[in-house]
Amino acid sequence: MKIHFPKFLRVISTLFLLWFGLSLAKYLSFDFALDLRLFFLAFLTPFSLYVLLEAIANRKFLWEFLKSQSRKKKTEVTSRAKSIQKRIVGFSSLFSGDLGKDLALIIGYFISSTISLILFIGKILFSKYNFLFFSLFGILFEIIYIPTSIDAILIFLTLIWVLTIRMFKFKGELSVKIALLLLVLCPYYLGRNQNFMAEKIAVWVFLFLVVGVLQIIWENRKIVE
Amino acid sequence: MKQSSTLIYSSLVFLLTLILFKVVFFALGAVLVFLVGSTVVEFIWEYRESPVFLAIVNPIINISSSAALSLSIYSLFFLPIEFILTEIKFVTPKLPPGISVSLIVGLIIVFSLISWQSRLKTIRSYLILFLFVSVCSLVYFKYRDEKLAREYLPKIYSYFPNRGIQAQIIKIEGVNFGPVWKRGDVYFRQERMGVIDWREKSLTIEVPVSGNFGMTELKVLTKEGKISNPVPFEIRDPATLNKIEDKR
């Protein structure tokens, strides 16, 4: 797949980056007299147009890709359906006739399609990028939007982060660097008398440091061995 | 960066922030930001020749330079001009949001089409860019301070009629007059006008009986003691009106 409109992509990327930066700035009380909803619309419209233009320009590639994927899925579903059909036919003599075999095949296709759908959803939900997104997004959401400190959420998000580290094979230093980045925010919130926010961030600094230090100890132990 | 120079620069940053803001937490925060920033810069410098890094950093430099320059020019020119026009020279409602958004989108389109990677080749060019962005940031911070100082002041945007005699009803439109349970006053010279209706964004007042005629200034004084921008108003002598009618 080729990018046919690189300059258009650059404009849209700049629009998105600026919108994101301005939203962050507005959250930190730095207003640039811009209506951010209108600005997002000004990004979304050309973005949709860009996606459409790229899809049209890469239509051959997309068509071939969809065809190959659907062929692969069709083969997988058909072979699974036939194996389910054999099991159903072997299970009961009711399905031994032609009608029974056809019925067994229909049931087989239904079950096989359902299994494919479940596996597809599971692959998306439990992909490592999802874990990365949910761990970082979850931590930011917990700091900014949850008004109280709930231990269960902290432990859950920490576990998600640990799983993310395992999936991506991140080094322990990354957790320590994230802790340092979060630590920078503490004096800012303390200076604004937002002690509760500073406390929440400090809790996450501590958790990241604990995870990072434990991981470094574990890695060094492996080296020593 | 060597440890001794890191210590010296961190101390300088700490002292400068402490002198400017007089808050230890800000100074500590500034040192932390400086340390994190220098770590990031060292990391970038160490891997600047790596092909993977170049594939990622080049587009980021292009995009972030375009975004930074667009926002800087917007902050340097549009924001101060808009502030002077709507808050100082002519006290008017804000410009429609579409104008500012269109301007910044236009700036983004112009700057995005320039290839910054070919222009930012030396440390000097990066420093000049950083200096320009810093100057624009200072202008923005000054604008922000001034804007915040005037944000909650009462402002008269329009009023009708702009002259009248005693018992004339005048309608004033504006902002930040205060809620109805915190009524303020409307004055011309030192005399108080009669308030018929008081709302957050509009007032209905009545010209009292006055011995002083001629051009004067109308001001709104809120319950908190904030004064609005003065607007010209003419108190006419009813006797002169009768003379005009007799002449007809």
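Residues numbered from 1 in each chain as written. Chains lettered and ligands numbered in written order. Predicted model: local features only at pLDDT ≥ 70, side-chain atom pairs only at ≥ 80, totals over all residues. Heavy atoms only, no water.

Considering helix H5 (residues 128-145) of chain A
Part 1 of the argument: Here H5 of chain A is 18 residues long and its end C-alpha atoms lie 25 Å apart, about the 26 Å a rise of 1.5 Å per residue gives.
Part 2 of the argument: Along H5 of chain A, the residues classified as buried are Asn130, Phe131, Ser135, Gly138, Ile139, Glu142 and Ile143 of chain A. (Helix = DSSP H or I, 4+ residues; strand = E, 2+ residues; numbered from the N terminus. Expected span 1.5 Å × (residues − 1). Buried < 20%, exposed > 50% of the residue type's maximum accessible area, 1.4 Å probe, protein only.)

A closer look at the sheet that holds strand E9 (residues 231-235) of chain B
Residue and element names in this part refer to chain B.
Part 1 of the argument: With respect to topology, five strands assemble into an open sheet ordered E2-E9-E8-E4-E5, the strand pairing being mixed. Strands with a single pairing partner mark the edges of an open sheet, and in this sheet they are strand E2 (163-164) and strand E5 (191-192).
Part 2 of the argument: In the sheet, strand E4 (residues 185-188) pairs with strand E8 (residues 214-221) via four bridges, with the strands oriented antiparallel. Across the sheet, Val186 pairs through a bridge with Val220, a residue of E8. (Pairing = 2+ DSSP bridges.)

Points about the packing of aromatic side chains
Part 1 of the argument: Throughout the structure, instances matching the rule amount to 25 aromatic pairs over all chains.
Part 2 of the argument: Ring geometry for Phe30 of chain A versus Phe141 of chain B: centroids 5.8 Å apart, planes at 75°, classification edge-to-face. Here Phe141 of chain B lies in helix H6 (residues 123-151) and Phe30 of chain A lies in the loop between helix H1 (6-27) and helix H2 (36-57), a pairing that spans two chains.
Part 3 of the argument: Taking 6.4 Å as the distance between ring centres and 40° as the angle between the ring planes, the aromatic pair formed by Phe126 of chain A and Phe131 of chain A counts as tilted.
Part 4 of the argument: Assessed through its relative accessible area of 57%, Phe126 of chain A is described here as exposed.
Part 5 of the argument: Take Phe131 of chain A: its relative accessible area is 12%, and that puts it in the buried class.
Part 6 of the argument: Joined through ring pairs, the aromatic side chains of Phe30 and Phe32 of chain A together with Phe83, Tyr140, Phe141 and Tyr143 of chain B make up one cluster.
Part 7 of the argument: Across from the ring centre of Phe168 of chain A, 5.0 Å away, lies the NZ or CZ of Lys128 of chain A, which sits over that ring. (Phe/Tyr/Trp six-rings, centres within 6.5 Å; stacked < 30°, edge-to-face > 60°. Lys NZ or Arg CZ within 6 Å of the ring centre and 35° of its normal.)

Considerations on the pattern of salt bridges
Part 1 of the argument: Counted under the stated rule, the structure contains ten salt bridges over all chains.
Part 2 of the argument: Measuring nitrogen to oxygen at the nearest pair gives 3.2 Å for the salt bridge that ties Glu76 of chain A to Arg80 of chain A. Linking Glu76 of chain A with Arg80 of chain A, this pair stays in helix H3 (residues 59-91), spanning four residues, or about one helical turn.
Part 3 of the argument: Here Asp197 of chain B makes a salt bridge to Arg199 of chain B, at a shortest N to O gap of 2.8 Å.
Part 4 of the argument: Here the salt bridges share partners, and the residues they tie into one network are Lys73, Glu76 and Arg80 of chain A. (Salt bridge = Lys/Arg side-chain N within 4 Å of Asp/Glu carboxyl O.)

Topic: the interface of chain A and chain B
Part 1 of the argument: Each partner contributes residues to the interface: chain A has 26 residues there, and chain B has 33 residues.
Part 2 of the argument: Around 2,600 Å² of area is buried between chain A and chain B when both sides are counted, 80% of it from carbon and sulfur atoms.
Part 3 of the argument: Along the contact surface separating chain A from chain B lie one salt bridge.
Part 4 of the argument: For the salt bridge of Asp31 of chain A with Lys147 of chain B, the shortest nitrogen-to-oxygen distance reads 3.1 Å.
Part 5 of the argument: Residue assignment for the side of chain A that touches chain B shows that the elements contributing at least two residues are H1, H2 and helix H7 (172-191) of chain A.
Part 6 of the argument: With nine residues, H1 of chain A is the single largest residue contributor to the side of chain A that touches chain B.
Part 7 of the argument: When its residues are assigned to classes, the side of chain A that touches chain B shows 18 nonpolar, four polar and four charged. (Contact = heavy atoms within 4.5 Å. Buried area = accessible area lost by both parts, 1.4 Å probe. Nonpolar A, V, L, I, M, F, W, Y, C, P; charged D, E, K, R; others polar.)

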